[in-house]
Amino acid sequence: MLIAICEDDKTLREYETLLIHQWAEKRKIKITVDSYSCAENFLFESEDKLPYDFLLLDIQMGKMNGFELAKTLRTRGFSGSLAFLTGITDYAIEGYEVGAVRYILKPVKEENLFAVLDTALANLSKTMEEAFLLQIGSDITKIPFEQIIYVEAQGHYVRLIGEENDIGNIGKPFEKQWKANFSDVLPKFNGHGFFCLKRGLLVNLRHIKKITKTECSLTNGEVLPVARNNYDDLNRAFIDFYMEKSL
């Protein structure tokens, strides 16, 4: 779990870091904690790092406060959990605007911070269940299932075509390719709204616009072939998927 603290008080920053490590030890999870002294440093130094899973942001800081930092990060596509540190209680509306988990009043109490971290961990676990984890060497990429359009076998490789839906990148296409057996990858998509159009070709039901007896049109403009005798099963899977979503 990747965590960042942005707090301008060095003593509090060190204390909060200590508490987070104690929480992780009790929960028996691995974490990385980065700390920043101001919003400007956060934006500059974190740009090339992996996306954080949880942010703990002080509201009252220098030129850029915690709310402004949160809004900037959401605009850049940050989708993790965040909580605010404050000595003032009347900030509810601003917190809703950026999807804050909670406010933590200073001085920070262990039980309050632990409760927020538990919520962030639960949110992360749920997100991980809704995403495909692509590992290439030592690099791991988390790709939400809803962003994947289709997956296909290409010889000894697997090719994934997707479309971003983050703020500022909606509709931006992307492609991933890695060496793997398609049969080993296929089970990872079971139960997540995908259908096998033919051998070696898996489509996301969310991205189908039109179905005929021989092909289906996708949201990105591509047309994929439908194997003979798969038309009825595809239609049924498509209808069932959207019926379940509407419940």
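Residues numbered from 1 in each chain as written. Predicted model: local features only at pLDDT ≥ 70, side-chain atom pairs only at ≥ 80, totals over all residues. Heavy atoms only, no water.

Would you mind going over the confidence of the model for the protein in detail, with residue names and values included?
Detailed reading of predicted coordinates is not advised where the pLDDT is low. Chain-level pLDDT for the protein is 87 on average; 90% of the residues reach the 70-or-more range. Mean pLDDT values for the elements of the protein range from 47 in helix H4 (residues 92-97) up to 97 in strand S15 (residues 223-225). (pLDDT = per-residue confidence, 0-100. Helix = DSSP H or I, 4+ residues; strand = E, 2+ residues; numbered from the N terminus.)

Mind laying out the packing of aromatic side chains, listing which residues take part and the relevant values?
Applying the stated criterion to the full structure yields 9 aromatic pairs. Ring centres of Phe67 and Phe84 lie 4.7 Å apart, and the angle between their planes is 65°; this geometry places the pair in the edge-to-face category. Residue Phe67 is located in helix H3 (residues 66-75), and its partner Phe84 is located in strand S4 (residues 81-86); the two are separated by 17 residues in the primary sequence. Taking relative accessible area as the criterion, Phe67 reaches 7% and is therefore assigned buried. Under the relative-accessibility criterion, Phe84 is labelled buried at 0%. Put simply, the rings of Phe132, Phe145, Trp178, Phe189 and Phe194 pair up and form one aromatic cluster. (Phe/Tyr/Trp six-rings, centres within 6.5 Å; stacked < 30°, edge-to-face > 60°. Buried < 20%, exposed > 50% of the residue type's maximum accessible area, 1.4 Å probe, protein only.)

Account for unusual backbone geometry, with residues named and values stated.
Of all residues except glycine, most have a negative phi; of all peptide bonds, most are trans. The peptide bond linking Lys106 to Pro107 adopts the cis configuration, its omega dihedral lying at -5°. Tracing the chain through its elements places Pro107 in the loop between strand S5 (102-105) and helix H5 (110-129). A positive phi angle, close to 60°, is found at Lys28, a residue other than glycine. Mapped onto the elements, Lys28 comes out in the loop between helix H1 (10-27) and strand S2 (32-36). Looking at Lys28, the relative accessible area reads 75%, which means it is exposed. Of note, the phi angle at Asn229 is positive, near 75°, even though the residue is not glycine. Of the residues examined, Asn229 reaches a relative accessible area of 68% and is grouped as exposed.

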